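# Architecture at a glance
Single-letter residue listing:
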Number of protein chains: 4
Amino acid sequence: MSGNTLGTLFTVTTAGESHGPGLMAIVDGCPPGIALSAEDLQADLDRRKPGTSRHTTQRQEADQVEILSGVFEGVTTGCPIGLLIRNTDQKSKDYSAIKDQFRPAHADYTYHHKYGVRDYRGGGRSSARETAMRVAAGAIARKVLAAQGIQVRGYMSQLGPLNIEFKQWQSVSENAFFCPDPDRVAELEAYMDQLRRDQDSVGAKITVVAEGVPPGLGEPVFDRLDAELAYALMSINAVKGVEIGDGFASVAQRGTEHRDEMTPDGFLSNHAGGVLGGISSGQPLIAHLALKPTSSITTPGRSIDRFGQPVDIITKGRHDPCVGIRATPIAEAMMALVLVDHLMRHRAQNADVRVTTPVLGQL
Amino acid sequence: MSGNTLGTLFTVTTAGESHGPGLMAIVDGCPPGIALSAEDLQADLDRRKPGTSRHTTQRQEADQVEILSGVFEGVTTGCPIGLLIRNTDQKSKDYSAIKDQFRPAHADYTYHHKYGVRDYRGGGRSSARETAMRVAAGAIARKVLAAQGIQVRGYMSQLGPLNIEFKQWQSVSENAFFCPDPDRVAELEAYMDQLRRDQDSVGAKITVVAEGVPPGLGEPVFDRLDAELAYALMSINAVKGVEIGDGFASVAQRGTEHRDEMTPDGFLSNHAGGVLGGISSGQPLIAHLALKPTSSITTPGRSIDRFGQPVDIITKGRHDPCVGIRATPIAEAMMALVLVDHLMRHRAQNADVRVTTPVLGQL
Amino acid sequence: MSGNTLGTLFTVTTAGESHGPGLMAIVDGCPPGIALSAEDLQADLDRRKPGTSRHTTQRQEADQVEILSGVFEGVTTGCPIGLLIRNTDQKSKDYSAIKDQFRPAHADYTYHHKYGVRDYRGGGRSSARETAMRVAAGAIARKVLAAQGIQVRGYMSQLGPLNIEFKQWQSVSENAFFCPDPDRVAELEAYMDQLRRDQDSVGAKITVVAEGVPPGLGEPVFDRLDAELAYALMSINAVKGVEIGDGFASVAQRGTEHRDEMTPDGFLSNHAGGVLGGISSGQPLIAHLALKPTSSITTPGRSIDRFGQPVDIITKGRHDPCVGIRATPIAEAMMALVLVDHLMRHRAQNADVRVTTPVLGQL
Amino acid sequence: MSGNTLGTLFTVTTAGESHGPGLMAIVDGCPPGIALSAEDLQADLDRRKPGTSRHTTQRQEADQVEILSGVFEGVTTGCPIGLLIRNTDQKSKDYSAIKDQFRPAHADYTYHHKYGVRDYRGGGRSSARETAMRVAAGAIARKVLAAQGIQVRGYMSQLGPLNIEFKQWQSVSENAFFCPDPDRVAELEAYMDQLRRDQDSVGAKITVVAEGVPPGLGEPVFDRLDAELAYALMSINAVKGVEIGDGFASVAQRGTEHRDEMTPDGFLSNHAGGVLGGISSGQPLIAHLALKPTSSITTPGRSIDRFGQPVDIITKGRHDPCVGIRATPIAEAMMALVLVDHLMRHRAQNADVRVTTPVLGQL
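What you are looking at is a predicted structure, and each value in this text was computed from that prediction instead of being measured. (Residues numbered from 1 in each chain as written. Chains lettered and ligands numbered in written order. Predicted model: local features only at pLDDT ≥ 70, side-chain atom pairs only at ≥ 80, totals over all residues. Heavy atoms only, no water.)

### With respect to the packing of helix α8 (residues 327-350) of chain B against helix α8 (residues 327-350) of chain C
Selection criterion: Axis angles are defined between N-to-C directions and span 0 to 180 degrees, where every axis is a line fitted to C-alpha atoms and, for a helix, only to the segment in contact. Under the scheme used here, helices are H or I runs from DSSP no shorter than 4 residues and strands are E runs no shorter than 2 residues, and both carry numbers assigned from the N terminus. Roughly parallel covers angles under 35 degrees, roughly antiparallel covers those over 145, roughly perpendicular covers 65 to 115, and oblique covers all other angles. By the definition used in this description, the sense in which the near helix is turned from the far one sets the handedness, with an anticlockwise turn below a right angle giving left-handed and a clockwise turn giving right-handed. We call two residues in contact whenever any of their non-hydrogen atoms come within 4.5 Å of each other. Just so you know the grouping, Ala, Val, Leu, Ile, Met, Phe, Trp, Tyr, Cys and Pro go in nonpolar, Asp, Glu, Lys and Arg go in charged, and all remaining residues, Gly too, go in polar.
With their axes 8 Å apart at the nearest point, α8 of chain B and α8 of chain C run at an angle of 130 degrees to one another. Between α8 of chain B and α8 of chain C, the interaxial angle falls into the category oblique. Our pair here, α8 of chain B against α8 of chain C, has a crossing hand that is right-handed. Contacts from Met344, Arg347, Ala348 and Gln349 of chain B in α8 of chain B reach Met344, Arg347, Ala348 and Gln349 of chain C in α8 of chain C. Of the residues in the contact of α8 of chain B with α8 of chain C, the class split is four nonpolar, two polar and two charged.

Right, here's the structure in full:
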């Protein structure tokens, strides 16, 4: 399959560049009979939208999505769902200066070597603008999951050097950082303000959790649930690491500590993050992702142009000083898409399986 | 696609359980004209083989591989390559006691809920025994890569709490731990001996590096090289985390620190780990993976049986006290498989691309 | 993969219903550097367009295509190409009468049983309107093929009971029937006029030929070139049969007659239709397809409604009395799409193959 | 995906050459809990086996299949099923004479140009020997279908110029031709005897029928049930044409004749062959396939060698004078494999669909 399609049964194919006419997606394989409207998608798109706080890019995009097919009389028909978002605020003249230059840590150099030609306006296809369609498609997946009692939510768990402990879900929707601790928001704001004064950027860590996941999802030995999650999350721009459950902390753990013991009342811990042998255990599915600092910063950097000559680059334009700030809805969308796909794959093979062993309570 | 096939163009499909008659793999899409013999595969298989040191399981398996097709007169024909390894040391009576029980941190509980039936002998399909075929297929991939000047190597970078800094490649092949620092081997041995006395297990971190990778590999926006690597590495038994380049350390880095600047003489650093925008940059491709501690330990643990009743479980049998010790050849195999697949995908689309910009020297 | 994506490397994903807001396609995997504009696609779209002669449906659709992505400064970038056609002449009130009825020989009954819900306006997704996007995508494929010296052309070889022998390519573009014999056109027109008076419809046979195909395309044992052609052509609305080369006539042939002998000057015949063992031979690739008579006719027919009650149905509206008349550009598009995909698949695996045996001249 | 894998959810990957050590297949995605033994597969393999009558090749192959994985305690586990058949009667010296020559109508010339190297012994991978694994895999599919009340059966409907009308299923299993009319068998035998004296070969037509298929199978607009059937049947060696229902006869039919009217008691005809709009209608699924005459005949033919020089070729060895004679079990297997895959795909998306409209009785 080509690289712009995600999924096996519930597939998402996207197209569109940062400064082209618009973004498209085709979501194929959605079960019929699900109530769906453009407003359902818009709610999630608005959470990702640029320009909503002073800590993100000031590019103004309505990100208004149109459903072109696959929905009739308010419900999905089982036919492919076509989505369209027109780009409105394109300002392509900002970018002509870097037409022949490769911005450090961007995809300019690699796209150039791969394809020979490159839409240099705003990063073209490699821009995070592409993730709008992931969020729109993810919103459809979330509606399918909701009908099965599955909920996917995320939050920022680290901003640069600042660790953020999870306190409550309510806080997440009440600040620009998706921060789960209302008492830390002021500190994050101060940190970001200083960062802007420093003309620098910083990374972030996002945590995503799915609750209500039934045991049984995942297709070993390759298409394990954790492997497909790692793929989907690592495919988000700027992501450099993915953990399931305790992740890299597992390295220093002992078996007696890491193993999640079971009793008739449920699991006693969730170091595994809800996956055993690549298959969901029924516990909350937990993933963490690391996002690198934004590459577009106004502090000059050394690079070369396409003739091999050295250049000094200052990336002007309107950029997020921390791409991680808007990454939470994207990460949620990716986890939701993986879960729907695996629900369907599991059901295809095992619909006739009857298990009498009780499902353990979630922890 | 079903879950036991890896890759898009260079595909590996595997089958086989821990205590069944044997393991099979079909490697499809291999370029023709590559010199290949069973001995080529055996060399890598022997590096993964159990029972070669006192720090790994004492199960004795010859892991002797037979090539059943796709090779004629010593070279690949372009037709699918069939591989067969017979299981010899199966000792299935060791496992009958746990027929109705779910070992904590194993896949017993999840396979039971997914499929309703379960080959309980030695973990069945969820056993790490399955990885033998990954190594055999990876050895074919490595031969294809070698013809393109690409080399994939790995080493242990952490054993439990012990960090291991990279010193030299030669050391890796000279000790049972794939440890890249000869001065640390004695310490690792002492640690493992103590662990066995504690009847416990521990995790490990593995680092894999590919050198000679040309710029241009990876198919954004979903099938990025880093995303597919994350998928392939996370699909290895016991892996809980994957990092590309600086990984989770990127979170606390600033943009001025993380971005790899370029000069006509080459990149000045490699925080990115050889991937920009999901496409290889020509720098060494670097990934780290976290393996959890072995789940099979002789210290009793609480669990339930398939009737929902509480049980105490001691996992007897012959187990690796640290599954990470034998994971290096497996991780190398997975990286090699991803690279070959992406070499072919890249070539399919971009064979006619001519770029005059010089490729920067590797760092 | 979901059902609305075609191809392995050069993929086409489509969406859109007959009377929805519009049609979409995403063409992924196209090589970069190909000159491409909306006009290139429009030329082929106009050949398929309804309402261009009195022998086809009088629905008026501009079928104006917009390229939303993947093309920059006049050439393809290697990124997915997004296509959009707005529906303009929808007249959905024509169809409300059959909301609860199943028209005989249409997909109403089967869509209803498959999905439970159904966009009944003009056949919804099952309408041949969907094929507009096949033609647009096919036009991109044809540009890629042209750069390799490959040309795909088709013609009508039978209209109802009237066999049409091939005379010349020029004639094909000069009449509404894609008839390759200018002396037969008047007869076809008279036949169609009588058919309209009879309030009936009729089938057709289309022949498609690709010239300039190099030997080597096709991926046995399943993804043979002929098998993938059969799939692609049979996926066109109303197609009931596909032949490669002599097709069903081969049944009564003897081996001495059917086998295409070779001399240093070339093949002596082409009964095989350009495929041997599922791989192109370098001869012209020849396929025939049978289209059934249009199901929408004004002569009443017996059927049931969704409550299981008997009804008499007259299909009003604007329909092609022979769907085969407009099928030639669609069949050409499908053959072109299969060929591009296989060119890329072949190149991926066998780019390094060097064969000194001369390629035989085409017949 | 690579070319040796069939299916989306119920996948079959095969490997093996005519004169190599053996044949392999991995069947992935099979539902768990299906009773399965090697004997189940053997029954179908024996129907395809060479050497069972004087009208087929005299090569002696036990075709004894071994199940290496995926079955435990007599039932499928949901894990991949590994199959192995060792080649026993290889006689490779028969073939060395044609090492550098291209037999007319064989795949020699095309494999040579595609891969550069070629296993010339008995046609290597392009030999019909490969179909043994299709039959074995198909037998698994048939067991899955049987549990759903679906039965797939086929028969010879034409031998060379001799049309054979269907009379009864019982006859099919009682003669070497799969002839459904006991009164025609003597005629077929006489025809074949004369053919052998003529040192020639002939084609055949096979008809395959599935009964008990529920409405709803098929994934438009590309992965229609008829399109996937066309692909699967055309992928069988020597097949040159595929028809669904009335096939090419539809061309000359009128709409009033072709359309299958419906009454509350059921469909009144089945010209469509059980598929409407690419989705099964609940009527019997009917396909016809045309097989060309065997290419291996002892009458000399003109060809070239790999140096481009003219040669005269006589194909010695043990060959079927009509490859169609043994094709019935293969065609049944392919139809069964397509049906199982589509049952699973349909179920994945539409498991929650509830339709109250009665399913019409089969005709």
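### Notes on the sheet that holds strand β2 (residues 11-15) of chain A
Note on sheets: strands pair through backbone hydrogen bonds, and any given pair is parallel or antiparallel. Residues and elements named next belong to chain A. For the record, the criterion: Strand pairing requires that DSSP identify at least two bridges connecting the strands.
The strand order across the open sheet built from five strands is β1-β2-β3-β7-β4, with neighbouring strands paired in antiparallel fashion. Here the strands that pair on one side only, and so sit at the sheet edges, are β1 (5-6) and β4 (65-67). When β1 meets β2, the two strands line up antiparallel, connected through two bridges. Its bridge partner being in β2, threonine 5 is matched across the sheet by threonine 13. Each of β4 and β7 (81-86) is contacted by helix α1 (residues 38-48), which is oriented at about 155 degrees to β4, the strand it contacts most.

### Overview of the relation of the copies chain D and chain A
Basically, it comes down to this: For this overlay, a least-squares fit was computed on C-alpha atoms, restricted to residues scoring pLDDT of at least 70 in both copies.
The two copies are related by a screw operation: chain D maps onto chain A through 180 degrees of rotation and 0.0 Å of translation along the axis, at an RMSD of 0.0 Å. Expressed as an axis order, the relation between the two copies is that of a two-fold axis. Residues of chain D ranked by C-alpha distance from the rotation axis are headed by alanine 348 of chain D, positioned 2.2 Å from it. Looking at chain D, 100% of its interface residues are interface residues in chain A too, so the copies touch through the same face.

### Some words on the UniProt feature "binding site: NADP(+)" (unreviewed entry) in chain A
Residues and elements named next belong to chain A. Applied cut-off: UniProt positions are given in the numbering used here, feature names are shortened, and annotations may be inferred rather than shown by experiment.
Within the UniProt annotation, "binding site: NADP(+)" (unreviewed entry) is assigned to Arg48 and Arg54. Looking at where arginine 48 falls in the secondary structure, it is placed in helix α1. In this structure, arginine 48 is in contact with Asp63, Ala128, Arg129, Thr131, Ala132, Val135, Arg326, Pro329 and Ile330, ignoring residues within four places of it in sequence. Leave out the neighbours within four places in its chain, and arginine 54 touches Glu189, Asp193 and Arg196.

### Focus: the relation of the copies chain B and chain A
When chain B is fitted to chain A, the best match, at an RMSD of 0.0 Å, comes from turning it 180 degrees and sliding it 0.0 Å along the axis. Comparing contact sets, 100% of the residues at the interface of chain B also lie at the interface in chain A, consistent with an isologous, same-surface contact.

### Observations regarding the pattern of salt bridges
If charged atoms from side chains of opposite charge come close, those side chains can pair. All names here are of chain C. So the rule is basically this: Salt bridge, as applied in this entry: a Lys or Arg side-chain nitrogen positioned within 4 Å of an Asp or Glu carboxyl oxygen. We call a residue buried when its accessible area falls under 20% of the maximum for its residue type, exposed when it is over 50%, and partly exposed in between, using a 1.4 Å probe and counting protein chains only.
By the definition in use, this model includes 98 salt bridges over all chains. Its salt-bridge partner being aspartate 44, residue arginine 142 comes within 3.3 Å of it at the nearest N-O pair. Residue arginine 142 is located in helix α3 (residues 131-146), and its partner aspartate 44 is located in helix α1 (residues 38-48); the two are separated by 98 residues in the primary sequence. Here aspartate 44 falls in the buried class, since its relative accessible area comes to 12%. With a closest N to O distance of 2.7 Å, arginine 129 and aspartate 63 form a salt bridge.

### Examining the packing of aromatic side chains
How two aromatic rings sit relative to each other is set out by the distance from centre to centre and by the angle between their planes. Formally: Pairing of aromatic rings covers Phe, Tyr and Trp, the last through its six-membered ring, and needs centres within 6.5 Å; plane angles under 30 degrees mean stacked, over 60 mean edge-to-face, and all others mean tilted.
A complete count under the given rule lists 32 aromatic pairs over all chains for this structure. Between phenylalanine 102 of chain C and tyrosine 109 of chain C the ring centres are 5.5 Å apart and the planes differ by 80 degrees, which places this aromatic pair in the edge-to-face class. Tyrosine 109 of chain C shares its class with phenylalanine 102 of chain C; the two are buried. Ring geometry for phenylalanine 267 of chain C versus tyrosine 109 of chain D: centroids 5.7 Å apart, planes at 90 degrees, classification edge-to-face.

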